[in-house]
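# Structure at a glance
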Amino acid sequence: MRRLDRWEELMFLLPKAPDWRIDWERLRAVGFDGFFKQMAEVEQNPSWHGEGDVWSHTQMVCQKLVKMSAYQKLPPLQRQEVFLAALLHDIGKMVCTRLEEGQWISPSHTTVGARMAREYLRVEFGLGGTLETLRIRETICNLIRYHSVPTHILDQTEPERRLMKIASNGELTPDFTIELLCILEEADVRGRIYKGMEESIETVLLCAQLAEEIGCYKGAFSFPSSYAAHAYLSGRNIVPGQALYDDTWGEVILLSGLPGTGKDTWLREYNIHLPVISLDEIRKEMGVLPTEHQGVVVAKARETAKEYLRKKQPFVWNATNITASLREKQVRLFHEYHASVRIVYLETGWEEELRRNKERKEAVPEQVIGKMQKSLTLPERFEAENIQWECV
């Protein structure tokens, strides 16, 4: 069965009116059996999860979710996205859970879970390669990544800025909102057994109220400009709606994407006639293999970038840049020289990507691409002045 055919079958299986029934056995059969079995083996802290293992909790969350009127009133596609996020919201616990001082803990399970869901939905269900399917996938992944925020919003140093940063991703995935996040987290709270349930639900409602008050509950906050948006979201001490003088002199383009996504082709097709700093080309010049230490390659690239930046010369930084930490290092450098930054993420379908890679003169081993896919995080809206997602 083709991947997208499996996706269509999955969509057909999701609960719907009038009975909102969840067919667990057919969900197992369509591709989730492995997850369900693994989740059943993962213990949780009984202080927060009296129901026991992650699979028991997940079933309870999904059952509570489909009975919520706020969920039932959502448009069909958003219902599907929220349900799948609920189904997968704790898969990160399968690899993050450990026993520490007699307590089960799962640090970073939301971040890891979002990456796991991204890989699974892309590779096994074909979600990607078109903006429509990419946005569906990333709505689900963002819900997983941030699902615990509403219950911890009062613990944040700057809760308003935190919510605006998260909500800004709605510019890239229009279905994703703080409203959906609060619906999911309310179900997450109700789908467990512990004493603090009512207090947690109240905190989720307070989070929703706060988001509504500051203008980011049903979508991204409307900033006066992309420059002002990045200034506030990156932490500058300004009022969210404040118009700022843009002191940047030009734009640097930072490409992001796995090998085989067509970064060079995209540059040609969009007729972008700018100097290009290509890490692949620098590796060839220096005789450094992709599997070897890349320190000298990156150092050479950054020195070249500084030469362009000092001249106020726009350019393209062409590399995979598949994690936020990698992108942040380069963006920080460009901003030090008062350049504006546009991050362009490129993606194609999984099978097409592997095919293109095989046709390259210097193909990257498929196991390496698979490993990179596991680490992939797409650029979020707050990472630079401008973010583009393109399917090529």
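Everything that follows concerns the structure shown earlier in this document.
Structural notes, computed from the coordinates. (Residues numbered from 1 in each chain as written. Predicted model: local features only at pLDDT ≥ 70, side-chain atom pairs only at ≥ 80, totals over all residues. Heavy atoms only, no water.)

## Remarks on the nonpolar core
As a rule of thumb, nonpolar side chains are buried together in soluble globular proteins. In this structure, Trp 7, Leu 10, Phe 32, Phe 35 and Tyr 71 are the most contacted members of the largest nonpolar core, which totals 82 residues. Per-element accounting of this core gives the leading share, eight residues, to helix α10 (residues 178-190). Among the nonpolar cores identified, the runner-up in size contains 35 residues, and Val 288, Leu 354, Leu 376 and Leu 378 belong to it. (Core = buried A, V, L, I, M, F, W, Y, C linked by side-chain atoms within 4.5 Å. Buried < 20%, exposed > 50% of the residue type's maximum accessible area, 1.4 Å probe, protein only. Helix = DSSP H or I, 4+ residues; strand = E, 2+ residues; numbered from the N terminus.)

## Regarding helix α14 (residues 279-286)
Residues Leu 279, Ile 282 and Arg 283 constitute the buried set of α14. Viewed along the axis of α14, the buried residues span an arc of 105°, placing them on a single side of the element. Tucked inside the fold, the buried residues of α14 contact β4 (276-278), α15 (295-310) and β5 (316-318). Two residues or fewer past α14, Gly 287 is found with a positive phi of approximately 70°. (Arc of directions from axis to C-beta. Contact = heavy atoms within 4.5 Å.)

## Details of the packing of helix α8 (residues 131-146) against α10
One way to put it is that α8 packs onto α10 with a least axis distance of 10 Å and a crossing angle of 55°. As far as their axial angle goes, α10 and α8 are oblique. Like other packed secondary-structure pairs, α8 and α10 cross with a definite hand, here right-handed. Where α8 approaches α10, its residues Asn 142, Leu 143 and Tyr 146 are matched on the opposing element by Leu 180, Leu 181 and Leu 184. Here the residues of the contact of α8 with α10 are counted per class, giving five nonpolar, one polar and no charged. (Axes fitted to C-alpha atoms, helices over the stretch in contact; angles between N-to-C directions. Parallel < 35°, antiparallel > 145°, perpendicular 65-115°, else oblique. Left-handed = near helix turned anticlockwise from the far one by under 90°. Nonpolar A, V, L, I, M, F, W, Y, C, P; charged D, E, K, R; others polar.)

## Quick notes on the packing of aromatic side chains
Within a pair of aromatic rings, the relevant descriptors are the distance that separates the centres and the angle that separates the planes. Counting across every chain of the model gives 17 aromatic pairs. Ring centres of Tyr 120 and Phe 125 lie 5.6 Å apart, and the angle between their planes is 70°; this geometry places the pair in the edge-to-face category. Taking relative accessible area as the criterion, Phe 125 reaches 0% and is therefore assigned buried. A connected cluster of aromatic rings, assembled from ring pairs, spans Trp 7, Trp 24, Phe 32, Phe 35, Phe 36, Trp 55, Tyr 120 and Phe 125. Across from the ring centre of Phe 125, 4.6 Å away, lies the NZ or CZ of Arg 6, which sits over that ring. (Phe/Tyr/Trp six-rings, centres within 6.5 Å; stacked < 30°, edge-to-face > 60°. Lys NZ or Arg CZ within 6 Å of the ring centre and 35° of its normal.)

## As for the side chain of Arg 79
By the secondary structure assignment, Arg 79 is in helix α5 (residues 76-88). One buried charged residue, Arg 79, remains without a salt bridge, the closest side chain of opposite sign being Glu 81 at 11 Å. In contact with Arg 79, not counting residues within four places along its chain, are Trp 20, Tyr 71, Gln 72 and Leu 74. (Lys, Arg positive; Asp, Glu negative; His and termini not counted. Salt bridge = Lys/Arg side-chain N within 4 Å of Asp/Glu carboxyl O.)

## Focus: the environment of Glu 179
Topologically, Glu 179 is positioned in helix α10. Sequence separation between Glu 179 and Gly 219 is 40 residues; the distance between their C-alpha atoms is 8.5 Å. Excluding residues that lie within four positions of it along the chain, Glu 179 makes contacts with Tyr 217 and Lys 218. Polar contacts involving the side chain of Glu 179 include one to the side chain of Lys 218, which spans 3.1 Å. (Polar contact = N/O pair within 3.5 Å; in protein donor to acceptor, adjacent residues only side chain to side chain.)

## Digging into the layout of surface pockets
Considered as a void within the structure, the largest pocket measures approximately 1,600 Å³ in volume. Residue lining of the largest pocket: 45 residues in total, with Pro 259, Asp 280, Arg 283, Arg 360 and Val 364 positioned closest to the centre. Mapped onto the lining of the largest pocket, the elements with two or more residues apiece are α13 (263-269), α14, β5, α16 (324-336) and α18 (366-375). The calculated volume of the second largest pocket comes to roughly 720 Å³. Of all the elements in the fold, those that place two or more residues in the lining of the second largest pocket are β2 (103-105), α7 (109-125), α10 and α11 (197-213). Among the residues making up the lining of the second largest pocket, the classes are represented as eight nonpolar, 15 polar and eight charged. (1 Å grid on protein atoms, 1.4 Å probe; cavity = no way out; pocket = protein on both sides within 12 Å on 5 of 7 lines; lining within 4 Å. Points joined across faces, edges and corners; volume = space filled by probe spheres on them.)

## Here we look at the state of the cysteines
The tally for this structure, following the rule as stated, stands at zero disulfides. Between Cys 96, a free cysteine, and Cys 141, which holds the nearest cysteine sulfur, the sulfur-to-sulfur gap is 15 Å. Free of any disulfide, Cys 182 has its nearest neighbouring cysteine sulfur in Cys 207, separated by 4.1 Å. (Disulfide = S-S within 2.5 Å.)

## Looking at the side chain of Thr 151
Summarising the element assignment, Thr 151 is placed in the loop between α8 and α9 (159-167). Among the polar contacts made by the side chain of Thr 151, one reaches the side chain of His 152 at a distance of 3.3 Å. Among the polar contacts listed, one links the side chain of Thr 151 to the side chain of Glu 185, at a separation of 3.0 Å. Contact partners of Thr 151, with chain neighbours within four places excluded, come to Glu 185, Val 189, Ser 200, Thr 203 and Val 204.

## Brief notes about the sheet that holds β4
Across the sheet, five strands lie side by side as β4-β5-β3-β6-β7; this open sheet has parallel pairing. Of all strands in the sheet, those bounded by a partner on one side alone are β4 and β7 (386-391). Within this sheet the neighbouring strands show an average axis-to-axis angle of 20°, counted without direction. In this sheet, β5 lies alongside strand β3 (residues 251-256) in parallel orientation, the contact comprising two bridges. Looking across to β5, one finds that Leu 254 is bridged to Trp 317. Strands in contact with α14 are β4 and β5; relative to β4, the strand with the most contacts, it is inclined by about 60°. (Pairing = 2+ DSSP bridges.)

## Side note on the pairing of β7
Most of β7 sits out of view: five of its six residues are buried. Note: strand β6 (residues 340-347) against β7, six bridges, orientation parallel. Residue pairing in the sheet places Glu 347 in a bridge with Cys 391 of β7.

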